[in-house]
Amino acid sequence: MTRWVLAHRLPVVLIWVVLTLAGGAMSGSTIDKLSFESRLPDKSSQAANDALAQRFSQTGGKNAPLLLVVTVPEGATLDSAAVREQWGDLIAKVTPQGGRSVSYATAGGDALVSQDKRTTVALVYPPANRSNVPYEQSLPQIKAAVGQARIAGAQVELTGQPVLSGRDSGAQRSPIYETLIGALGALVVLGLVFASGLAIVPLLMALVAIPTTFLLVRGITTVTDVSFIVQYLVALIGLGIAIDYALLVVTRWREERQKAGADGPEPEARRQAVVRAVASAGHAVALSGATVAISLAALVVLPVPFLRSVGYAGLLIPIVSVAVALTLLPVLLYAWGDKLDRPRRAHRPDSKLWGRIAGLTTRRPALCAVLSGAVLLALAAPVLALRLGQPATVTLAQGGKPAAAFQRIVDAGFGEGIARPLEVLVPAADGDAMHGKLGGLEGVAGSVAPADWARGGQRIVDVWTKGDPSSSAGRSTVTGVMDAAKDTPGALAGGGPAQDVDFIDAVYGSLELILIVVALLTFVVLARTLRSVVLPVKALILNALSTCAAYGVVVLVWQKGYGSEALFGTPAIGAVTIWIPMAVFAFLFGLSMDYEVFILHRIRETHLELTAKGERDTVVPSVVTGISRTGRLVTSAALILFLAFTALASIPITDVKVFATALAAGIIIDATVVRGLLTPSLVTLLGRSNWWFPRSLGRLLVTTPGRASGPRSHPAAATSTTQEAAQDAPQEAARRSV
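A brief report on the enclosed structure follows. Since the structure is predicted, the reported quantities are computational estimates derived from the model, not experimental observations. (Residues numbered from 1 in each chain as written. Predicted model: local features only at pLDDT ≥ 70, side-chain atom pairs only at ≥ 80, totals over all residues. Heavy atoms only, no water.)

Structural notes on the sheet that holds strand β1 (residues 66–71)
Strand pairs in the sheet, formed through backbone hydrogen bonds, run parallel or antiparallel to each other.
1) Next: Ordered in space as β2-β3-β1-β6, the 4 strands form an open sheet in which the pairing is antiparallel. On the outer flanks of this sheet lie β2 (100–102) and β6 (157–159), each paired with one strand and no other. Each neighbouring strand pair of the sheet contributes to a mean axis angle of 20°, computed without reference to strand direction.
2) Next: Where β2 and strand β3 (residues 119–125) come together, 3 bridges link them in antiparallel fashion. Bridge assignment links Ser101 to a residue of β3, and that residue is Val124. (Pairing = 2+ DSSP bridges. Helix = DSSP H or I, 4+ residues; strand = E, 2+ residues; numbered from the N terminus. Axes fitted to C-alpha atoms, helices over the stretch in contact; angles between N-to-C directions.)

Here's what the structure looks like:
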């Protein structure tokens with residue numbers, strides 16, 4: 001294919017220029033078409049929230065209420081007729097047209113008074129818009145009214161999850177700023193790697209890949225909703241992947257240009273260097289793209305449109321990046337590679353540092369494997385305490401008047417769950433009975449059922465838990481409320497906590513099957529390419545461990561709070577948002593497999609070369625050569641991705657920060673502990689069994705031991721094919737002797 005691309009350079013360049021310009025011109029309108037909706041088809045909580053939105057003017061449902069709280073001075077009580085009237089008038093004033101509210105001043109709100117009769121809470125549900133700032137239109141007026149309000153001389157405070165979480169401020173900006181930061185960091189790394197004009201080449205490939213991916217995302221928006229988070233993933237993960245793939249090919253091209261037959265200025269020598277580079281590094285890039293795509297397919301099959309859209313966009317990122325690396329990049333290297341590689345200097349493919357590290361790991365493989373494995377397991381251990389759910393409200397309540405107000409609500413005995421009540425929709429005739437039934441359930445702190453929360457023969461009962469709904473006790477209570485609703489004909493349990501329970505079931509209900517399918521497909525792809533059974537199994541196990549280590553870091557930093565304040569200026573959130581672990585697996589499993597592919601591909605290549613020379617003990621020299629020639633590359637690629645994820649973490653959305661933390665931690669752990677120490681140690685310990693590949697499995701996978709799968713090369717490449725066959729023959733003989 002590379003020879004065809006080089007023979008049609010002008011059409012190839014024109015196609016990519018058109019795609020880039022079109023994608024760039026339409027990127028703004030593409031972002032405008034992204035959705036803030038997160039639906040759960042065929043789930044009872046979604047049906048309840050849809051009914052609430054339709055019948056009650058887009059109030060409540062998945063959107064938590066605003067909370068107004070006041071504590072009257074000592075000597076005064078809420079039983080006073082004047083206090084009751086003042087409170088009722090204030091709540092009526094701050095409730096927007098079309099909204100709904102409940103307070104102790106209206107019938108059905110008795111649960112909103114503390115035992116000492118001095119503190120009261122009111123729930124206000126303004127009409128919500130479909131964005132990540134649902135109360136954007138009404139909140140400024142509510143804040144102004146509350147700021148001037150006094151009840152019996154006491155200041156009224158406004159709090160609630162929409163205020164504490166920061167979702168009441170600002171529209172989201174585009175990812176251009178973060179992308180520029182990531183690109184600048186990548187340029188610094190590339191400058192250190194190449195020390196020449198070649199440093200801009202991977203960035204140019206990213207400049208083409210990102211707008212093209214946005215153009216394809218625009219097409220997806222015409223057939224399905226695509227989450228607004230996709231814009232950040234395409235821009236920043238796309239930046240990292242496109243640069244990484246280009247970096248691999250450019251590095252190999254530079255190496256090939258110093259070999260005999262490909263080091264001259266004549267066109268055939270330049271062509272030969274490009275062909276050789278793409279034949280080796282391009283193969284690894286294509287394999288890496290395939291593994292990333294396979295892991296992202298886990299999101300596509302989920303019954304959650306929000307995550308499916310992330311999966312669709314995620315699939316496009318490696319596909320476009322691979323296409324750019326295998327078509328446009330060869331043309332650029334052929335035409336401008338030598339001109340950009342200035343100042344010209346001798347390039348040493350082997351890294352002395354990584355050669356020493358590889359020498360150490362191969363001399364003491366058992367010790368290195370045990371120590372690095374222990375580090376990996378220690379980092380992964382906190383995953384056992386992983387708690388899925390929305391951030392606990394008390395973890396958001398850290399500093400400021402809204403935080404102090406919510407803490408006062410909790411201290412008065414209303415329960416943490418009042419910030420996120422369940423909303424149960426029942427037939428109007430059963431409203432009072434359901435109110436009493438739910439109020440008596442274990443773990444329920446209170447419930448309200450105002451008479452004016454009834455429309456179209458349906459009535460709303462709000463019920464909240466003593467503990468936060470994301471806690472174990474709180475979730476158990478939420479499940480009990482949902483079960484009670486199911487036992488009542490015509491009743492539906494909605495609200496944020498109910499949707500969380502259904503979300504977990506939808507995302508993780510078939511997790512085992514998804515993991516098995518992803519692992520099986522990845523094994524097939526790796527086994528076909530590496531012609532080994534042992535190496536793919538090892539790669540899958542190490543990838544699983546490194547992913548768990550990334551989860552462990554997230555638990556420590558975000559759930560437990562070790563460093564979240566120092567690193568991000570954000571306190572611990574107490575729980576990991578439900579979609580994040582699955583999305584992290586889909587992206588990180590494939591991305592970290594990239595480095596495994598780069599390393600193992602080079603180790604196998606060296607093994608074949610040594611076998612062709614008649615050497616029998618090839619394991620240690622293959623590992624040392626493979627690591628010394630890929631260690632610098634993998635470290636640079638990982639650092640570039642890390643910088644991209646760091647830029648992603650600067651997005652002012654907590655969920656995105658948590659997601660980026662997991663990816664950044666996973667990439668660094670994988671590139672250092674796993675690929676730098678554990679992989680070479682294990683390959684050394686496994687010895688010749690690394691290359692075990694039964695003939696029966698080869699027939700099943702439509703390949704043969706020791707021979708590359710896929711179509712034959714172009715006739716013009718007959719010489720290289722003959723050389724590979726010569727390399728493969730000794731390997732086949734060695735395989736038979738094992």
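Structural notes on the side chain of Thr361
1) Next: With respect to the element layout, Thr361 can be found in helix α12 (residues 352–363).
2) Next: Among the polar contacts listed, one links the side chain of Thr361 to the backbone oxygen of Ala358, at a separation of 2.8 Å.
3) Next: In this view, Thr361 contacts Cys368, Gly676, Leu677, Pro680 and Ser681; residues no more than four positions away in its chain are not counted. (Polar contact = N/O pair within 3.5 Å; in protein donor to acceptor, adjacent residues only side chain to side chain. Contact = heavy atoms within 4.5 Å.)

Some points on the pairing of strand β7 (residues 422–427)
1) Next: Among the 6 residues of β7, 6 are classified as buried, and the element is accordingly described as predominantly covered.
2) Next: Sheet topology places β7 next to strand β10 (residues 458–465); 6 bridges connect them, and they run antiparallel. Opposite Val426, over in β10, you have Arg459 as the bridge partner.
3) Next: With 3 bridges connecting them, β7 and strand β11 (residues 492–494) associate as antiparallel partners. Looking at the pairing, Leu425 lines up with Leu492 of β11. (Buried < 20%, exposed > 50% of the residue type's maximum accessible area, 1.4 Å probe, protein only.)

Re the packing of helix α2 (residues 9–32) against helix α8 (residues 200–221)
1) Next: Interhelical geometry of α2 versus α8 gives an angle of 55° and a closest axis separation of 7 Å. It follows from the interaxial angle that α2 and α8 lie oblique. Where α2 crosses over α8, the handedness of that crossing is left-handed. Touching Trp16, Leu19, Thr20, Ala22, Gly23, Gly24, Met26, Ser29, Thr30 and Ile31 of α2 are Leu207, Val208, Pro211, Thr212, Phe214, Leu215, Val217 and Arg218, all from α8.
2) Next: In terms of residue class, the contact of α2 with α8 is made up of 11 nonpolar, 6 polar and 1 charged. (Parallel < 35°, antiparallel > 145°, perpendicular 65-115°, else oblique. Left-handed = near helix turned anticlockwise from the far one by under 90°. Nonpolar A, V, L, I, M, F, W, Y, C, P; charged D, E, K, R; others polar.)

Notes on helix α18 (residues 496–508)
1) Next: Across its 13 residues, α18 extends 18 Å between first and last C-alpha, which sits within 8% of the 18 Å expected from 1.5 Å per residue.
2) Next: Most of α18 sits out of view: 11 of its 13 residues are buried.
3) Next: When we look at burial in α18, the residues that qualify are Gly496, Pro497, Ala498, Gln499, Asp500, Asp502, Phe503, Ile504, Ala506, Val507 and Tyr508. (Expected span 1.5 Å × (residues − 1).)

Focus on a nonpolar patch on the surface
1) Next: Together, Leu184, Leu187, Ile200, Leu204 and Leu207 line one region of the surface with nonpolar side chains, adding up to about 430 Å² of accessible area.
2) Next: Among the secondary structure elements, those contributing two or more residues to the nonpolar patch are α7 (176–194) and α8.
3) Next: At 3 residues, α8 tops the list of elements feeding residues into the nonpolar patch.
4) Next: Tracing the chain through its elements places Leu204 in helix α8. (Patch = residues over 30% accessible without salt bridge, like charges linked within 9 Å, V, L, I, M, F, W, Y side chains within 5 Å. Areas by Shrake-Rupley, 256 points an atom, 1.4 Å probe, with all protein chains shown as cover. Salt bridge = Lys/Arg side-chain N within 4 Å of Asp/Glu carboxyl O.)

Here we look at the pattern of salt bridges
1) Next: Summed over all chains, the structure comprises 17 salt bridges.
2) Next: Asp50 serves as the salt-bridge partner of Arg39, at 2.7 Å between the closest nitrogen and oxygen. Of this pair, Arg39 sits in the loop between α2 and α3 (44–55) while Asp50 sits in helix α3, placing them 11 residues apart in sequence.
3) Next: Owing to a relative accessible area of 32%, Arg39 belongs among the partly exposed residues under this scheme.
4) Next: As a salt-bridge pair, Asp341 and Arg254 come within 3.2 Å of each other at their nearest N and O atoms.

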